[in-house]
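# Fold and geometry: a report
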Amino acid sequence: MSSSKKYFAEALGTFALVLFGCGAATIASVTQSGPVGIGVLGIALAFGFAVLVMVYTIGPISGCHINPAISIAMLAAGKLSAKDTVGYVIAQCIGAVAAAGLLYLLATGSAGFVMPEWGLGSNGWGAGYGGEYNMTSALIAEFVFTFLFLMVIFGTTSERHNAPMMAGLAIGISLALIHMVVIPITGTSVNPARSLGPALFSGGMALQQLWLFIVAPIAGGLCAALVRKIFIDD
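None of these values were measured; they are calculated from a predicted model.

The rules behind each value
Residues numbered from 1 in each chain as written. Predicted model: local features only at pLDDT ≥ 70, side-chain atom pairs only at ≥ 80, totals over all residues. Heavy atoms only, no water. Core = buried A, V, L, I, M, F, W, Y, C linked by side-chain atoms within 4.5 Å. Buried < 20%, exposed > 50% of the residue type's maximum accessible area, 1.4 Å probe, protein only. Helix = DSSP H or I, 4+ residues; strand = E, 2+ residues; numbered from the N terminus. Contact = heavy atoms within 4.5 Å. UniProt positions renumbered as here; feature names shortened; annotations may be inferred. Salt bridge = Lys/Arg side-chain N within 4 Å of Asp/Glu carboxyl O.

Turning our attention to the nonpolar core. If you look at the biggest cluster of nonpolar residues, it comprises 46 residues, and the most contacted ones within it are L17, V51, I66, F149, F154 and L175. Put simply, the parts of the chain that give this core at least two residues each are α1 (3-27), α2 (39-62), α3 (68-76), α4 (82-107), α5 (135-156), α6 (167-186) and α9 (210-232). In contact with F154, other than residues within four places in its own chain, are A73, M74, A77, K79, A224, A225 and R228. Counting 6 residues, the second largest nonpolar core, distinct from the first, contains W118, Y129, L196 and A206.

Listed below in structure tokens is the structure:
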């Protein structure tokens, strides 16, 4: 498969993830005090199902990373070249920004729309956000749950896995489970591109706090690659 096709697939997949996931959070309505409408469960399932369907849609083309933390962890694990890692990350960020732009366009069609702090499903922490957890809780949650997410991905996509066609289901379910726990803390990132898109359009605190949702998921992914290499892989 040519590099351009893989990069396009990653951009498309990340676009779909942000559009479905953050779209559920934005269009189905989430206030600063918490989610209403479809609620935490609905938003969690939207993210999980988005990954699930994209795994089977673009997985055969690019592997369906749609997440810089995954691509960088795969580089560290020796499963992706440096060239493709750069291409994947750029494509993922472009897809996420494009989806956030479309969400912004849709949201402005609502009468009386005013961009809230942490709008468009942006990630954050502290006073005024979700359960008002502090930065330490946000950092730990994003690191640990990205670590667990990558452990699922490494395990289900391993050559030793007996049912590779089930990998998409396991990955989608794991992402939904992660969102069920982490939404009240940070809105759940575990994906720097997913955080980048909404933050660029929301601005304010979402943009100021973006660094954590780049650093913590990447660190969690790299830790998973290291643990997998030392303790599990031959």
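Per the UniProt entry, the sites bearing "transmembrane region" (unreviewed entry) are residues 38-58, 89-115, 135-154, 166-186 and 206-227 in this numbering. Spanning residues 38-58, this segment combines 95% helix with 0% strand, and its end C-alpha atoms are found 28 Å apart. Helix makes up 70% of residues 89-115 and strand 0%, with an end-to-end C-alpha separation of 27 Å.

Under the defined criterion, the tally for this structure stands at 1 salt bridge. Where D84 meets K6, a salt bridge forms, and the shortest distance between an N and an O atom there is 2.9 Å. Remark: K6 occurs in helix α1 and D84 occurs in helix α4; sequence separation between them is 78 residues. Neither residue differs from the other here; D84 and K6 are each classed as buried.

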